[in-house]
Amino acid sequence: MKIEGTQELHASRDRVYACLIDSQVLQRCIPGCESLEKTGEDAYAVTIRAGIGAIKGTFKGSVRLEDMRPPEHYRIVVEGKGGPGFVKGSGDFDLEERDGVTVIKYQGDLQVGGGIAGIGQRMIEAAAKMMASRFFNALEVEATKPQEATVPPPDSSLP
């Protein structure tokens, strides 16, 4: 199944891209994400609680970021298995800045199997669009938060 769309975020492209590759931000933005732990460079183990209709459960899997060209493009590859079945997918994100607004064009492929596949493509597509909307709304909140200033540690060599 193909998924594609465009989303505008009211934040700079550099800030949005930084949020898209920050595992803590992603964990807060991905609907149902219970954990996102780094396992290697641009690779993570993920646990997501999700469902469509009466089919609900926890998926454990992996996330990889590829083809990274800051701040304009990257690809995300996701694989997960759980009680409701399996999910495999990849998506390309292209970021363009227009007058302080970041336009994200995304497109990807999604494969589902097991019990979750039995609920029908239309319901899966509707759920994917809803999750994408929730993700981008949360991402915009994160990208527009004031960035915390880092305070250098006190210099212990001073008397």
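Helix and strand counts for the protein come out as three helices and seven strands. Across the protein, helices and strands are ordered from the amino to the carboxyl terminus as β-α-α-β-β-β-β-β-β-α. With respect to the three principal axes, the spread of C-alpha positions in the protein is 70 × 40 × 25 Å. The buried share among the 159 residues of the protein stands at 35%. Only carbon and sulfur atoms are counted for the fraction: they give 52% of the accessible area of the protein, which is about 9500 Å². Side chains of the protein carry 19 positive and 23 negative charges; the gap between the two charge centres is 8 Å.

Before going further, it helps to spend a moment on the nonpolar core. With 27 residues, the main nonpolar core has Val 16, Leu 20, Phe 93, Ile 104, Phe 136 and Leu 139 as its most contacted residues. Among the elements that make up this core, the one with the highest residue count is helix α3 (residues 121-144) (five residues). Not counting the four nearest positions on each side in its chain, Phe 136 is found in contact with Gln 7, Leu 9, Phe 93, Ile 104 and Tyr 106.

Glancing now at the pattern of salt bridges. Using the criterion set out here, one finds nine salt bridges in the structure. In this structure, Glu 34 and Arg 49 form a salt bridge, with 2.9 Å as the shortest nitrogen-oxygen distance. Taken together, the residues Glu 34 in strand β2 (residues 33-40) and Arg 49 in strand β3 (residues 43-52) connect sequence positions 15 residues apart. With relative accessibility at 40%, the residue Glu 34 sits in the partly exposed group. Glu 142 serves as the salt-bridge partner of Lys 145, at 3.4 Å between the closest nitrogen and oxygen. Look at the salt bridges and you will find they share partners, linking Arg 28, Glu 142 and Lys 145 into a network.

Here the focus is the pairing of β2. Summarising the sheet, β2 and β3 pair through six bridges and their orientation is antiparallel. Pairing of Ser 35 across the sheet is with Thr 47, part of β3. The antiparallel pairing of β2 with β3 creates a hairpin that spans two residues between the two strands, and Asp 42 there sits at a positive phi of about 60°.

With that settled, consider unusual backbone geometry. One can expect most non-glycine residues to show negative phi and most peptide bonds to be in trans. Omega for the peptide link from Pro 70 to Pro 71 comes to -5°, which places this bond in the cis form. In this fold, Pro 71 is placed in the loop between β4 (55-69) and β5 (73-82). A positive phi angle is found at Asp 42, which is not glycine, with a value near 60°. Here Asp 42 is to be found in the loop between β2 and β3. Phi at Asp 67 is positive, roughly 50°, even though this residue is not glycine. Structurally, Asp 67 is set in strand β4.

Spatial ordering of the open sheet is given by β1-β7-β6-β5-β4-β3-β2, a layout of seven strands whose pairing is antiparallel. Among the strands making up the open sheet, the edge pair consists of β1 (2-9) and β2. The average angle at which neighbouring strand axes cross in this sheet is 25°, direction not considered. Two strands pair when backbone bridges link them, and β3 and β4 are joined in this way by 10 bridges, in the antiparallel orientation. Note on β4: the bridge partner recorded for Ala 43 is Arg 64. Sitting on the sheet, helix α1 (residues 13-20) touches β1, β4, β5, β6 (85-98) and β7 (101-113), and the angle it makes with β6 is about 165°.

The rules behind each value
- Residues numbered from 1 in each chain as written.
- Predicted model: local features only at pLDDT ≥ 70, side-chain atom pairs only at ≥ 80, totals over all residues.
- Heavy atoms only, no water.
- Helix = DSSP H or I, 4+ residues; strand = E, 2+ residues; numbered from the N terminus.
- Buried < 20%, exposed > 50% of the residue type's maximum accessible area, 1.4 Å probe, protein only.
- Areas by Shrake-Rupley, 256 points an atom, 1.4 Å probe, with all protein chains shown as cover.
- Lys, Arg positive; Asp, Glu negative; His and termini not counted.
- Charge placed at Lys NZ, Arg CZ, Asp CG, Glu CD.
- Core = buried A, V, L, I, M, F, W, Y, C linked by side-chain atoms within 4.5 Å.
- Contact = heavy atoms within 4.5 Å.
- Salt bridge = Lys/Arg side-chain N within 4 Å of Asp/Glu carboxyl O.
- Pairing = 2+ DSSP bridges.
- Axes fitted to C-alpha atoms, helices over the stretch in contact; angles between N-to-C directions.

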